[in-house]
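# Examination of the molecular architecture
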Amino acid sequence: MGAWNYGVFDDDTAYDALEDLMASKDLLKDMGQYLDDVITSEYVEYDDGQYAIVSAAIMDTILNGTEQRCDDDTYIHWMESIKNLDVHPLKQKAVKALEAVLSDHSELKELWEDNEELYSSWREDKLSIIKRLQA
């Protein structure tokens, strides 16, 4: 696919995370684990950061109706099927995980800082998810 832009699903690894979550037998457990992996890490690796971002974005969509641009045709139908999932217990973990992704101990942040054109948009996109999850 070769996706690359600042949105949640503008990255190939994000689509891997989405695929894994759509195939999950226990979505809340798996999202919680992805968030915990980032929260408890001394350094947030690229893939772990992407999995946490996707988990938080899915929660944002469930809780706030936020529409994320996604090229996967099954995404909208899948989101419709999980729209009543109670993700409230994971909200604080999602906020902490996104804060870790945006911290100085994050591979994603390091890579995005090198992109002078899109870094601020990438950062603001993730901060907007944090703000909506905290509301």
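Report follows, based on the coordinates. Being a predicted model, the structure only gives us computed values, none of them experimental. (Residues numbered from 1 in each chain as written. Predicted model: local features only at pLDDT ≥ 70, side-chain atom pairs only at ≥ 80, totals over all residues. Heavy atoms only, no water.)

### As for the packing of aromatic side chains
Per the counting criterion, the structure on display carries 5 aromatic pairs. Here the aromatic rings of Y34 and Y51 are separated by 4.8 Å at their centres, their planes lie at 70 degrees, and the arrangement is edge-to-face. With Y34 in helix 2 (residues 27–39) and Y51 in helix 3 (residues 46–64), this residue pair connects regions lying 17 residues apart in the sequence. Of the residues examined, Y51 reaches a relative accessible area of 13% and is grouped as buried. Site record: aromatic cluster; members linked through ring pairs are F9, Y15 and Y75. (Phe/Tyr/Trp six-rings, centres within 6.5 Å; stacked < 30°, edge-to-face > 60°. Helix = DSSP H or I, 4+ residues; strand = E, 2+ residues; numbered from the N terminus. Buried < 20%, exposed > 50% of the residue type's maximum accessible area, 1.4 Å probe, protein only.)

### Observations concerning helix 7 (residues 119–134)
If you check helix 7, its first and last C-alpha atoms are 23 Å apart, about what 16 residues at 1.5 Å a residue would give, namely 22 Å. For helix 7, every residue scored as buried is listed here: Y119, W122, D125, K126, I129, I130 and L133. For helix 7, the arc enclosing every buried residue in end-on projection is 140 degrees, short of the 170-degree limit, so these residues lie on one face. On its buried face, helix 7 is in contact with helix 3, helix 5 (91–101) and helix 6 (107–113). (Expected span 1.5 Å × (residues − 1). Arc of directions from axis to C-beta. Contact = heavy atoms within 4.5 Å.)

### Quick look at a negative patch on the surface
Residues D12, D16, E19, D20, E45 and D47 make up a contiguous surface patch of negative charge. Broken down by element, the residue count for the negative patch peaks at 4 residues, all from helix 1 (residues 12–22). As for its position among the elements, E45 is in the loop between helix 2 and helix 3. On the basis of relative accessible area, E45 is assigned to the partly exposed category, the value being 40%. (Patch = residues over 30% accessible without salt bridge, like charges linked within 9 Å, V, L, I, M, F, W, Y side chains within 5 Å. Areas by Shrake-Rupley, 256 points an atom, 1.4 Å probe, with all protein chains shown as cover. Salt bridge = Lys/Arg side-chain N within 4 Å of Asp/Glu carboxyl O. Lys, Arg positive; Asp, Glu negative; His and termini not counted. Charge placed at Lys NZ, Arg CZ, Asp CG, Glu CD.)

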